[in-house]
Amino acid sequence: MVLPIYLYGHPVLRTNTRMVTPDEPGLAELIANMKETMYATDGIGIAAPQVGESLRLVYIDVDVLKDDMPELAGKNMVLINPEVTVDENVNTVTREEGCLSVPGIHESVPRHERIHLKWTDENWQTHEEDIEGYLARVVQHECDHLEKTIFVDRISPIRKQLIRGKLNNIAKGNVSCDYRTRCFKPSRR
Ligand code: NI
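Values in this document were obtained by computation on a predicted structure and should not be read as measured data.

A. Spotlight on the nonpolar core. Judged by nonpolar contacts, the single largest core of 19 residues is most densely connected at I60, M77, L79, L117, I131, L135 and V139. Within the residue set of this core, elements represented by two or more residues are strand 3 (57-61), strand 4 (76-85), strand 7 (114-120) and helix 2 (133-146). Ranked by the residues each element gives to this core, the list is headed by helix 2, at seven residues. For L79, the contacting residues outside a window of four places in its chain are R56, L57, V58, I60, L117, W119, T120, V139 and C143.

And the structure:
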């Protein structure tokens, strides 16, 4: 089932997330719904808070970018309770990002070019891997959602000021979007 995407300004995106346990009710269905929702909205990553669930759960599929970045072919992952660690000596790279919860906005965000990731997959196998390049960016963006952080929190104060009006409109649901969304306080029209 395709779920509505919770928009910037909704408190669920600023709510603490909890660890997922194997007996989490409806977990398999939630994962399936997150995948379906992400493909329906043409996203490359989705975090549980974006569908209103305060859980440490992410789905990423960057295969669609393989024409430009062949190393991303076939790359998809369910991340349960992911843990990102960063060596602060690793370079940052600045590149444009967008987010299903912030439709119509694309801004340059600095990210570490390499991270160390520990996670559990949907079969409850644990993994540990160094991840670099664009996939590392997507993982950092999605794992930020689990820490109540949205990419626009990481842009320069001047840029943030410039898009303030657009962000306020998104928070009110005054945004055109070709997928179903949910905002906290819809403006009355
Ligand atoms: Ni996002």
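The rest of the description comes next.
B. Representation of a negative patch on the surface. A contiguous patch of negative charge on the surface is contributed by E71, E83, E113, E128, E129, D130 and E132. If you tally residues by element for the negative patch, the top one is strand 8 (residues 126-132), at four residues. Take E113: it is sitting in the loop between strand 6 (107-112) and strand 7. The exposure class assigned to E113 is partly exposed, which follows from its relative accessible area of 32%.

C. The coordination of the nickel ion, seen in detail. Coordination of the nickel ion by the protein is provided by C99 (SG), H141 (NE2) and H145 (NE2), with metal-donor distances spanning 2.1 to 2.2 Å. In the primary sequence, the donor residues of the nickel ion line up as C-x41-H-x3-H. Taken together, the residues H141 and H145, both in helix 2 and four residues apart, mark about one turn of the helix. This pair shows no difference in class: H141 is buried, exactly as H145 is.

D. Spatial organisation of the pairing of strand 7. By the bridge criterion, four bridges tie strand 4 to strand 7 in an arrangement that is antiparallel. In the strand pairing of strand 7, I80 is matched with T120. When strand 7 meets strand 8, the two strands line up antiparallel, connected through seven bridges. Looking at strand 8, one finds that K118 is bridged to E128.

Parameters and conventions
As a convention, each chain's residues are numbered from 1 in the sequence order in which they are written. Whole-chain, interface and lining totals are the exception, using all residues; otherwise, since this is a predicted model, local features are given only for residues with pLDDT of at least 70 and side-chain atom pairs are given and counted only at 80 or more. The side-chain figures draw on all heavy atoms in the structure; neither hydrogens nor water molecules are used. In this description, a nonpolar core means a group of buried Ala, Val, Leu, Ile, Met, Phe, Trp, Tyr and Cys residues linked to one another through side-chain atoms lying within 4.5 Å. A 1.4 Å probe rolled over the protein chains alone gives each residue an accessible area, and that area as a share of the maximum for its type sets the label: buried under 20%, exposed over 50%, partly exposed in between. The secondary structure listing takes helices from DSSP runs of H or I that are at least 4 residues long and strands from runs of E that are at least 2 residues long, numbered from the N terminus. We call two residues contacting when some pair of their heavy atoms lies within 4.5 Å. Each patch is built from residues that are more than 30% exposed by relative accessible area and take part in no salt bridge. Like charges join if they lie within 9 Å; nonpolar side chains (Val, Leu, Ile, Met, Phe, Trp, Tyr) join within 5 Å. Every accessible area reported is derived by Shrake-Rupley at a probe size of 1.4 Å, with residue values counting cover from the shown protein chains alone. One speaks of a salt bridge when a side-chain nitrogen belonging to Lys or Arg is within 4 Å of a carboxyl oxygen belonging to Asp or Glu. All tallies of charge rest on Lys and Arg as positive and Asp and Glu as negative; His and the ends of each chain are not included. All charge positions are set by atom: Lys at NZ, Arg at CZ, Asp at CG, Glu at CD. Counted as donors are N, O and S atoms no farther than 2.8 Å from the metal, or 3.2 Å for Na, K and Ca; water is not among the atoms, and sites may therefore look incomplete. In this scheme, strands are said to pair when DSSP sees at least two bridges between them.

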